Amino acid sequence: MPASKILLSEPLTEIPPAVTPADQPKPNSGRQADKLAKLGLTRKLDLVLHLPLRYEDETTVTAICDLLAGVTSQVEGVITHHEVTYRGRRQLCITLTDEKGDTLVLRFLNFYGSQVKQLAVGVRLRARGEVRDGFFGMEIVHPAYRLVAQGEPLPQALTPIYSTCAGLSQAYLRRAIDNALTSTPLPELLPDALNAEIIAPLQLPPLAAAVRTLHHPPLGVEADALLERTHPAWLRIKFEELLAQQLSLKQSHLQRRTRLAPALIGCAQSAAHTLLEGLLSALPFALTAAQQRVQKEISADLALPHPMQRLLQGDVGSGKTVLAALAAAQAIDAGYQVALMVPTELLAEQHVRKLQGWFAPLGINVVWLTASLKAKVKRAALAATVTGQAQLIVGTHAIIQDKVEFARLGLVIIDEQHRFGVAQRLALRAKAQGATDQANWQPHQLMMSATPIPRTLAMSYYADLDVSTLDELPPGRTPVLTKLVSQARRDEVIERVRQVALAGRQIYWVCPLIEESETLQLQTAEDTFAKLSAVLPELQIGLVHGRLKSADKAEVMAAFTRHEIQLLVATTVIEVGVDIPNASLMVIEHAERFGLSQLHQLRGRIGRGSAASACVLLYAGPLSYAARARLNTLRATNDGFEIARSDLEIRGPGEFLGARQSGAAMLRFADLQQDAWLIEPAQRAADYLLSKHPEIVAQHLTRWLAGRENYLEV
Ligand code: ADP
Ligand code: MG
């Protein structure tokens, strides 16, 4: 088709209008090259691998009398009316009349002078778009269209649509891609043995054929499979991409083995006892079998002269803190310092209290560092850290600020790691780098998370980490009973709070989440506090929220711990880490506004003692489908892994993982839900290549991930 006939009138939601729609693409202009670069298309190979975003079916024309509202269709006809009107705003309205004499309105809200001239009465058009039932009958707003000659044959194949940017037309991109396709060979990188063993059983086509199919769908191709990306050609691409991801993750795992870290092997403090042994025997409980297993895994890693990078997954309340303490003890035994980073001040304070309780009697100096410490206290903490006098430093991200210097940092522990952003984790790593006593050493790293990742996702995203899983809760817990209660029954719930408090137990009342406004959130918390104080005058009630000064926060929490407060009104600041076993009832207001894992985390604050605990999810109807699904899941199970699976199903992997997960940024085509079955073969292929063909590994990575590997540094 001659380029001059192609007009850019793509749907505005996806592709911004071109500056000069009737312009012919200028193949060699620098401007276009800049734009290609903006899309990340700098090598010819990038163009070859710039696969269609979707396809349009221009192979059929629907008679105007057969059009259905809501269906995307293509029509052909002659322009019989043409008018620029001001109906609310300036718009171009075209009437198209087809062979049978039926008419359809094409409406343009954004258009150029050149278009007004071009779409004149008598011109023959093919227009395509979603039909809607407008005020004046059927119409298409912003159709994609082409001027055609009478009797011009319809395309026989689906038309690929590429992601692009302003000023880069589909026609230009298509031509650039076609040029690249003919001039750039795409040799098969995978060795024959691997093809025979892994690719052939999956019935995937060769790579070059797959790419060709996707850019130029052949006649009779299964259109639905192409559109839904389940066609074998797509599967081949997704496999290649997942393979690149696995290679990249596994490679960084292997590379860690080439870096050095202090081997943390204990030297007995006194004649017979290490600190680790001392701590173990001082604990008020025996470790569960799962804790013992994980402790051994961590301990063995720490004893190696390479930096550990281990993720400890364990449901809320599974007892991760004590494992952090035991790892710390091993590092301190070996003469090193340990930094424990947590996401909130409240949690830092809790940890300091608990860890000091365990370590102080053993003669270990625990300090804490948060942004809101008094200057004098902070100076002392910084001094103790730089001299090495402080052995365990607990803090919020204040730990990674410039002023903080360590004497001999051997181990970094990140609690609730899913709550930290990429930038913070990077900063901590950079900080840690220079903090050991040898210039080229790195400290060991232990990350802890209560948001378990389902197995397939873990395989895909954590291939560069070693993972330990606590799959057992400490004994003597009674499962939390979860109830959904309508706001209409709030009074009954308040009455229940009164009874529980008078029976000697404690209660959390979680205020509704107001994401848009922190001020509003604060106000709601204060209102809730005032109202509950008014109706429950016989109870001691406390209020804790994010805006409170940290000392005040700590004071409220301490009073709650000492049981001087019976009812604690709180925002989500108590979401992580707070550990008060006597609390046995939690009320969450407007539970429908919270996410699934957040609710699970909140609920994890109760059910920590031996008393039967209950969680009341107060909701205001009508509930959306997703909200109902969330609340029902939460009612049905207390199992964090089950909840994570369900969360993944409701939200899909993108949102579930969030931008925080490094591996996610590497995938353009593979969908971890739909294509999960490809991960395992990709992983096998990765192992094979890494052991037998390291030269192919490098080529494969440049082909698929050029410029993207830095996402892995997190
Ligand atoms: P999380 O995994 O959510 O961080 P914590 O470390 O806060 O859990 O532990 C929850 C509670 O369980 C704490 O009060 C802790 O002291 C207690 N705990 C941990 N391990 C055991 C155990 N083996 N037996 C009894 N209680 C334990
Ligand atoms: Mg914890």
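These numbers come from a predicted model, not from an experiment.

What counts as what
Residues numbered from 1 in each chain as written. Chains lettered and ligands numbered in written order. Predicted model: local features only at pLDDT ≥ 70, side-chain atom pairs only at ≥ 80, totals over all residues. Heavy atoms only, no water. Pairing = 2+ DSSP bridges. Helix = DSSP H or I, 4+ residues; strand = E, 2+ residues; numbered from the N terminus. Axes fitted to C-alpha atoms, helices over the stretch in contact; angles between N-to-C directions. Contact = heavy atoms within 4.5 Å. Phe/Tyr/Trp six-rings, centres within 6.5 Å; stacked < 30°, edge-to-face > 60°. Buried < 20%, exposed > 50% of the residue type's maximum accessible area, 1.4 Å probe, protein only. Lys NZ or Arg CZ within 6 Å of the ring centre and 35° of its normal. pLDDT = per-residue confidence, 0-100. Near = heavy atom within 4 Å. Polar contact = N/O pair within 3.5 Å; in protein donor to acceptor, adjacent residues only side chain to side chain. Areas by Shrake-Rupley, 256 points an atom, 1.4 Å probe, with all protein chains shown as cover. Nonpolar A, V, L, I, M, F, W, Y, C, P; charged D, E, K, R; others polar. Parallel < 35°, antiparallel > 145°, perpendicular 65-115°, else oblique. Expected span 1.5 Å × (residues − 1). Arc of directions from axis to C-beta.

1. Some thoughts on the sheet that holds strand E12 (residues 392–395)
Link 1 in the chain: Strand order in this open sheet of 7 strands is E11-E12-E10-E13-E14-E9-E15, and the pairing throughout is parallel. Only two strands of the sheet have a single neighbouring strand rather than two, namely strand E11 (366–369) and strand E15 (466–470). Averaged over all neighbouring strand pairs, the angle between strand axes comes to 20°, with direction disregarded.
Link 2 in the chain: Along the sheet, helix H11 (residues 320–333) makes contact with strand E9 (309–314), strand E10 (337–341), E12, strand E13 (409–414), strand E14 (444–449) and E15, crossing E14 at roughly 170°.
Link 3 in the chain: Here helix H13 (residues 375–387) sits on the sheet and contacts E10, E11 and E12; the angle it forms with E11, its principal contact strand, is near 125°.

2. Looking at the packing of aromatic side chains
Link 1 in the chain: This model, assessed by the stated rule, comprises 3 aromatic pairs.
Link 2 in the chain: With a centroid separation of 5.7 Å and 85° between ring planes, the pair formed by Phe-108 and Tyr-145 is classed as edge-to-face. A residue pair is termed long-range when its members are at least 10 positions apart, and Phe-108 in strand E4 (residues 103–108) and Tyr-145 in strand E7 (residues 144–147) qualify at 37 residues. There is no split in this pair, since Phe-108 and Tyr-145 are both buried.
Link 3 in the chain: The lysine or arginine in question, Arg-408, covers the ring of Tyr-336, its NZ or CZ lying 4.1 Å from the ring centre.

3. Regarding the confidence of the model for the protein
Atomic detail in the predicted coordinates should be set aside for any region of low pLDDT.
Link 1 in the chain: Averaged over all residues, the pLDDT of the protein is 85; the fraction at 70 or higher stands at 90%.
Link 2 in the chain: Across residues 1–28, where pLDDT falls below 50, the model places 52 contacts with residues more than four positions away in sequence or in other chains.

4. Details of unusual backbone geometry
Link 1 in the chain: In this model, Gly-621 is joined to Pro-622 through a cis peptide bond whose omega is -10°.
Link 2 in the chain: Notably, Gln-203 is not glycine yet its phi reads approximately 60°, a positive angle.
Link 3 in the chain: Classification of Gln-203 by relative accessible area gives exposed; the value is 67%.
Link 4 in the chain: Unlike most non-glycine residues, His-563 shows phi in positive territory, near 70°.
Link 5 in the chain: Among the structural elements, His-563 can be located in the loop between helix H18 (550–561) and strand E19 (567–570).

5. Overview of the sheet that holds strand E18 (residues 541–544)
Link 1 in the chain: Strand order in this open sheet of 6 strands is E16-E21-E20-E17-E19-E18, and the pairing throughout is parallel. On the outer flanks of this sheet lie strand E16 (481–486) and E18, each paired with one strand and no other. Taken over all neighbouring pairs, the strand axes of this sheet differ in orientation by 20° on average, direction set aside.
Link 2 in the chain: With 6 bridges connecting them, E16 and strand E21 (residues 614–619) associate as parallel partners.

6. Some words on the site of ligand 1
Link 1 in the chain: Taken together, 17 residues form the shell around ligand 1, and within it Gly-317, Lys-320, Thr-321, Arg-477 and Asp-579 come nearest.
Link 2 in the chain: The separation between an oxygen atom of ligand 1 and a polar main-chain atom of Gly-319 is 3.0 Å.
Link 3 in the chain: Burial of ligand 1 by the protein chains amounts to 88% of its free accessible area of 560 Å².
Link 4 in the chain: In terms of residue class, the shell around ligand 1 is built from 5 nonpolar, 6 polar and 6 charged.

7. So, the packing of helix H22 (residues 679–692) against helix H23 (residues 694–705)
In a packed pair of helices, the relevant descriptors are the angle between the two axes and the axis-to-axis distance.
Link 1 in the chain: Contact geometry of H22 with H23 gives a least axis separation of 5 Å together with a crossing angle of 125°. As judged from the angle between their axes, H22 and H23 are oblique. Residues Leu-689, Leu-690 and Lys-692 of H22 form the contact with H23, whose participating residues are Pro-694, Ile-696 and Val-697.

8. Quick notes on helix H10 (residues 289–302)
Link 1 in the chain: Here H10 spans 20 Å end to end across 14 residues, near enough to the 20 Å set by a 1.5 Å rise per residue.
Link 2 in the chain: Turning to H10, its buried residues number three or more, namely Ala-290, Gln-291, Val-294, Gln-295, Ile-298, Asp-301 and Leu-302. Angularly, the buried residues of H10 cover 130° about the axis, an arc narrow enough to put them on a single face. Exposed positions of H10 whose direction lies more than 90 degrees from the buried face are Ala-289 and Lys-296.
Link 3 in the chain: Of the surrounding secondary structure, the elements contacted by the buried residues of H10 are helix H9 (275–282), E9, H11, E13, E14 and E15.

9. Details of the pairing of E9
Link 1 in the chain: Across the 6 residues of E9, 6 count as buried, placing the element largely inside the fold.
Link 2 in the chain: Burial along E9 is two-sided: the face carrying Gln-309, Leu-311 and Gln-313 and the face carrying Arg-310, Leu-312 and Gly-314 are both buried.
Link 3 in the chain: The pairing of E9 with E14 spans 5 bridges and is classified as parallel. Across the sheet, the residue bridging to Arg-310 is Leu-446, located in E14.
Link 4 in the chain: Strand direction decides the pairing type here: E9 and E15, joined by 5 bridges, are parallel. Bridge pairing links Leu-312 to Ser-468 in E15.

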